[in-house]
Amino acid sequence: MKKKRLLVTGSSGFLGRFLVPELKKKNIVDALNSKNCNLLNDYSLKKFDKFKYDEIYHLAAWTQAGDFCLRYPGDQWINNQKINTNILSWWKTSQPNAKLIFMGTSCSYPINVKLSEENYFKGEPIKSLYTYAMTKRMLHQGAKSLSLQYGLKWASYIPSTLYGPHYHHDGRQMHFIFDLIRKILDGKYKNKKVILWGDGNQKRELVYVDDFVKTMLRNNNKINNDFVNLGSGKEYKIKEFALMICKIVNYDFKKIEFDKSKYVGAKSKILKINKIKRIDKKYEKKMTPLSVGLTNTVKWFYKKYKYDLL
């Protein structure tokens, strides 16, 4: 069987580090990052015109966790619009036979509604993540519009917070679960105060990054010109996640302090997964248990940040 040729943007990001090796098992993959292809530049993709791709995986985005979206809304708008417009334009002009597969975001959902696919464009996203959320909606609408006019094929996946080993460690703000692990390990091994943002009652949902990748690849042929949520279907309070991590690393949960003055984002964020369960009958059975995923992630932290040597 002839190998497919695939292109991946954002290949050095957290998701890309899992997706690219999986794709390379059976395909030829051109893995792009900001060093070998700056998508902020209009003609950055022109050098790839000579190839004909079967699929384009668009993971690249200009964002970080925490309060980053609050501090840089203007830059987020300009940078993400440039990145997404360059990809969409190149797809239409140079790679019309390729299927574009891109990531949505759960923060694009409006507040106070069920996070079910039919509500993705209804109402406005939460203010603290508004700009990033709207650039993701624009990406979605761009792909849909090009498909309607030119017959192009696309698919979009909306993940809840991804977690697992091999998270970035380059000084950027961390998503909540990685920040929890780091703070609790610092508390145990470096005798630092463990202070968590909010009162601990805000709820979040996690999906193990390896599960996300395998689900996406398992269902790509079933999802055409459509989008689907990929979540675990379960959410927990931040204090519950903290307690789980404390048990894994043997740290006293009672030592944790909660700073109610700090930014916490949405109070609850759980994706409805009815659609993916209809598409993929084995979806829930294939999911990594949270206890296993958290243990694997903590073990990686021990080695990467050398806590095992302290």
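Preceding block: the structure.
Trainee: Mind showing me how you'd approach the overall build of the chain here?
Mentor: Regarding its fold elements, the chain presents nine helices and 12 strands. Relative to the globule expectation of 19 Å for 310 residues, the C-alpha radius of gyration of the chain, 20 Å, shows essentially globular dimensions. Taking the principal axes of the C-alpha coordinates as reference, the chain spans close to 60 × 40 × 40 Å. When the 310 residues of the chain are sorted by exposure, 49% land in the buried category.

Trainee: Just checking my understanding: could you explain a nonpolar patch on the surface for this structure?
Mentor: Residues Trp77, Ile78 and Met138 make up a contiguous nonpolar surface patch of roughly 280 Å² in combined accessible area. Within the secondary structure, Trp77 is located in helix α3 (residues 73-94).

Trainee: Looking at this structure, I do not really get the nonpolar core. What am I missing?
Mentor: Burial of nonpolar side chains together is a common tendency in soluble globular proteins. Within the largest apolar cluster, 56 residues are counted, with the highest numbers of intra-cluster contacts made by Tyr157, Ile177, Ile184 and Phe212. The dominant element in this core, judged by the number of residues it contributes, is helix α5 (residues 176-189), at seven residues. Not counting residues within four places of it along the chain, the set of residues in contact with Tyr157 comprises Ile101, Phe102, Met103, Gly104, Phe212, Met216, Asn219, Asn220, Ile223, Val228 and Leu230.

Trainee: In this structure, what is going on with the pairing of strand β3 (residues 55-58)? I would like to understand it.
Mentor: Where a strand is regular, its side chains alternate between the two sheet faces. Going residue by residue along β3, you find Glu55 and Tyr57 tucked away on one face and Ile56 and His58 tucked away on the opposite face as well. Bridge count between strand β1 (residues 5-9) and β3: four bridges; the pairing is parallel. For Leu7, the partnering residue across the bridge sits in β3 and is Ile56. Here β3 runs beside strand β4 (residues 99-103); their pairing, made up of four bridges, is parallel.

Trainee: For this particular structure, what's the right way to read the packing of aromatic side chains?
Mentor: The description of an aromatic ring pair uses the distance of the two centres, along with the angle that the planes make with each other. Applying the stated rule across the entire model yields 23 aromatic pairs. Relative to Tyr53, the ring of Phe51 lies with its centre 6.1 Å away and its plane at 65°, an arrangement referred to as edge-to-face. Under the relative-accessibility criterion, Phe51 is labelled partly exposed at 22%. Here Trp62 and Phe68 contribute two aromatic rings whose centre-to-centre distance is 5.1 Å and whose plane-to-plane angle is 55°, an arrangement assigned as tilted. Looking at Trp62, the relative accessible area reads 28%, which means it is partly exposed. Residue placement shows Arg5 over the ring face of Phe51; its charged tip is 3.8 Å from the ring centre.

Trainee: Whenever I open this one, the environment of Leu271 confuses me. Can you help?
Mentor: Relative to the helices and strands, Leu271 is located in the loop between β12 (257-259) and α8 (274-279). Linking Leu271 and Tyr109, residues 162 residues apart in sequence, is a C-alpha distance of 9.6 Å. Among all residues touching Leu271, those that are not within four sequence positions of it are Ser106, Tyr109, Leu115, Ile158, Pro159, Ser160, Glu205, Asn229, Leu230, Gly231 and Gly233.

Trainee: Sorry if this is basic, but what is going on with the pattern of salt bridges here?
Mentor: Two side chains of opposite charge can pair, provided their charged atoms sit close to one another. Per the stated rule, a full pass over the model turns up 14 salt bridges. The shortest N-O distance in the salt bridge between Asp179 and Lys183 comes to 3.2 Å. Highlighted residues: Asp179 and Lys183, both in helix α5, separated by four residues, approximately one helical turn. With respect to class, Asp179 is no different from Lys183; both count as buried. Here Glu257 ties to Lys193 by a salt bridge, and the two come within 4.0 Å at their closest N and O atoms. Of this pair, Glu257 sits in strand β12 while Lys193 sits in the loop between α5 and β7 (195-197), and the two are 64 residues apart along the sequence. On the accessibility criterion, Lys193 (65% relative accessible area) is exposed. Three or more residues are tied together by salt bridges with common partners; here these are Asp179, Arg182, Lys183, Asp186, Lys190 and Lys192.

Trainee: Where do I start with the sheet that holds strand β2 (residues 28-31) in this structure?
Mentor: Adjacent strands of a sheet pair through backbone hydrogen bonds, lying either parallel or antiparallel. Pairing within the open sheet is parallel, and its six strands lie in the order β2-β1-β3-β4-β5-β10. Each having just a single partner strand, β2 and β10 (226-230) make up the two edges of the open sheet. Pairs of neighbouring strands in the sheet enclose a mean axial angle of 15°, with direction left out of account. Here β1 runs beside β2; their pairing, made up of four bridges, is parallel. Bridging from a neighbouring strand, Arg5 pairs with Ile28 of β2. Contacts from helix α6 (residues 209-219) reach β3, β4, β5 (153-159) and β10, with the element oriented near 155° to β5.

Trainee: Quick question: what am I supposed to make of the side chain of Thr215 here?
Mentor: Along the chain, Thr215 turns up in helix α6. With near-sequence residues (within four places) excluded, Thr215 lies in contact with Leu230, Ile276, Asp280 and Tyr283.

Trainee: Help me out: how do you make sense of helix α9 (residues 290-304) in this one?
Mentor: Given 3.6 residues per turn, any residue in an α-helix points the same way as the ones three and four places further on. End to end, α9 covers 21 Å across 15 residues, agreeing with the expected 21 Å (1.5 Å per residue, within 8%). Residues of α9 that are buried: Leu290, Gly293, Leu294, Thr297, Val298, Trp300, Phe301 and Tyr302. Check the buried side of α9 and you find it contacts β6 (161-163), α5, β9 (206-208), β11 (236-237) and α7 (238-249). In the stretch just after α9, Lys306 is the one whose phi turns positive, near 60°.

What counts and how
Within each chain, residues carry numbers counting from 1 in the order of the written sequence. Only residues with pLDDT of at least 70 are given local features in this predicted model, and only at 80 or more are side-chain atom pairs given and counted; all residues enter the totals for whole chains, interfaces and linings. Heavy atoms throughout the structure, all of them, feed into the side-chain values; hydrogens and water do not. Strands here are runs of E lasting at least two residues and helices are runs of H or I lasting at least four, both read from the DSSP assignment and numbered beginning at the N terminus. Here the globule rule reads 2.2 Å times residues to the power 0.38, and the radius of gyration is calculated from C-alpha atoms. Relative accessibility thresholds used throughout: buried, under 20% of the residue-type maximum; exposed, over 50%; partly exposed, between the two (1.4 Å probe, protein chains only). Two distance rules govern patches: like charges are joined within 9 Å, and nonpolar side chains (Val, Leu, Ile, Met, Phe, Trp, Tyr) within 5 Å, applied only to residues with over 30% relative accessible area and no salt bridge. Note on areas: Shrake-Rupley with a 1.4 Å probe; residue coverage comes only from the protein chains shown. Salt bridge criterion: a side-chain nitrogen from Lys or Arg within 4 Å of a carboxyl oxygen from Asp or Glu. Side-chain atoms within 4.5 Å link the members of a nonpolar core, which is a set of buried Ala, Val, Leu, Ile, Met, Phe, Trp, Tyr and Cys residues. The contact rule is simple, with two residues in contact once any of their heavy atoms fall within 4.5 Å. Only strands that DSSP links by at least two bridges are regarded as paired with each other. When two rings of Phe, Tyr or Trp (its six-membered ring) have centres within 6.5 Å they constitute a pair, described as stacked for plane angles under 30 degrees, edge-to-face for angles over 60, and tilted for the intermediate range. A ring has a charge above it when a Lys NZ or an Arg CZ is no more than 6 Å from the ring centre and no more than 35 degrees off the ring normal. Every axis corresponds to a line fitted to the C-alpha atoms, with the helix fit spanning only the stretch in contact, and the corresponding angles, defined between N-to-C directions, vary from 0 to 180 degrees. For a helix, the expected span equals 1.5 Å multiplied by the residue count minus one.

Fair warning: the whole summary comes from geometry, so function is off the table for now.
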